[in-house]
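Chains, contacts and geometry: an overview
Below are the chains, spelled out letter by letter.
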Amino acid sequence: EMIPYGIDAKAFQRAESVSIGLKKPIVLCPAALVPYKRIDRAIEAVVLLKEASLLVVGRGSLESKLKRMGHENLGSRFALIGVAHDKMASLYQAADVVTLPSEAQENSPMVFLESMSAGKLVVTTDSQRNRWILGDAGIYCNPDDRAQYAQSLRKSLRLGGQTETKRRIQRVAKRFAIRSVARQYEELFHSFAR
């Protein structure tokens, strides 16, 4: 039996946007700063988007390297910060789109559920698992192809604010609502008693 993670979307929907000192539009990349998350690919792709800024939120072993790379390539269009998880909802609201270029083996990132809860499109690695989780709330690409990745980000920035896009994200997000997931667990546990 496969039951997905659940999320209480209210905190992400009610959060106030914060000013982060980056020029809009803002691409948010919330991830641990470790090799398999491939944050360097996000930096390389945003370099090709002359109109966008990149906000990386996370901590990890690659922090110094990624800060240096981001500032050298994007200058004032880049910021890398670490914040407590309870501050993330406001950062999602400040962003225009979310990206996670992780290797395909990544399990089921909570970033996807948080993004959908905040009403944001996600640009991510094209994999069967990512497509299962995000469905129409995602735009898929090969982050190793910098031009393709940049084009996917451009597309997401163009579509992200549209009413139909927001409806699609809400439809997909309902699958992961905490009440829906809890009900699936209850049904599973009751099936054991039969």
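As a starting point, this report considers the structure included with it. These numbers come from a predicted model, not from an experiment.

1. Some points on the side chain of Ser-117
- Among the secondary structure elements, Ser-117 is positioned in helix α5 (residues 110–117).
- In this structure Ser-117 comes out as buried when scored by relative accessible area, which is 6%.
- Of note is the side chain of Ser-117, whose polar atom sits 2.9 Å from the backbone oxygen of Leu-113.
- Excluding its chain neighbours within four sequence positions, the residues that come into contact with Ser-117 are Ile-7, Ala-9, Phe-12 and Gln-13.

2. Things to note about the packing of helix α2 (residues 39–47) against helix α3 (residues 63–74)
- Their axes nearest at 10 Å, the elements α2 and α3 cross at an angle of 5 degrees. Accordingly, the angle class assigned to the pair α2 and α3 is roughly parallel. Contact residues: Ile-39, Asp-40, Ile-43, Glu-44, Val-46 and Val-47 in α2; Leu-66, Met-69, Gly-70, Asn-73 and Leu-74 in α3.
- The residue inventory of the contact of α2 with α3, partitioned by class, reads 7 nonpolar, 2 polar and 2 charged.

3. Description of the sheet that holds strand β5 (residues 122–125)
- The strand order across the open sheet built from 6 strands is β3-β2-β1-β4-β5-β6, with neighbouring strands paired in parallel fashion. Looking along the sheet, the strands with just one partner apiece sit at the ends: β3 (78–81) and β6 (138–141). The sheet shows a mean angle of 20 degrees between the axes of neighbouring strands, taken without regard to direction.
- The pairing of strand β1 (residues 26–30) with strand β4 (residues 97–100) spans 2 bridges and is parallel. Along β4, the bridge assignment pairs Leu-28 with Val-98.
- Across the face of the sheet, α2 comes into contact with β1, β2 (53–57), β3 and β4 while running at roughly 165 degrees to β2.
- Sitting on the sheet, helix α7 (residues 146–159) is in contact with β1, β4, β5 and β6, with an inclination near 165 degrees to β6.

4. Thoughts on helix α8 (residues 163–173)
- Of all the residues in α8, the buried ones are Thr-165, Ile-169, Val-172 and Ala-173. Looking down the long axis of α8, one finds its buried residues gathered within 100 degrees of arc, a one-sided arrangement. The exposed set on the far side of α8, more than 90 degrees from its buried face, consists of Thr-163 and Gln-170.
- Taken together, the buried residues of α8 touch α5, α6 (128–134) and α7.

Quick notes on the rules
- Residues numbered from 1 in each chain as written.
- Predicted model: local features only at pLDDT ≥ 70, side-chain atom pairs only at ≥ 80, totals over all residues.
- Heavy atoms only, no water.
- Helix = DSSP H or I, 4+ residues; strand = E, 2+ residues; numbered from the N terminus.
- Buried < 20%, exposed > 50% of the residue type's maximum accessible area, 1.4 Å probe, protein only.
- Polar contact = N/O pair within 3.5 Å; in protein donor to acceptor, adjacent residues only side chain to side chain.
- Contact = heavy atoms within 4.5 Å.
- Axes fitted to C-alpha atoms, helices over the stretch in contact; angles between N-to-C directions.
- Parallel < 35°, antiparallel > 145°, perpendicular 65-115°, else oblique.
- Nonpolar A, V, L, I, M, F, W, Y, C, P; charged D, E, K, R; others polar.
- Pairing = 2+ DSSP bridges.
- Arc of directions from axis to C-beta.

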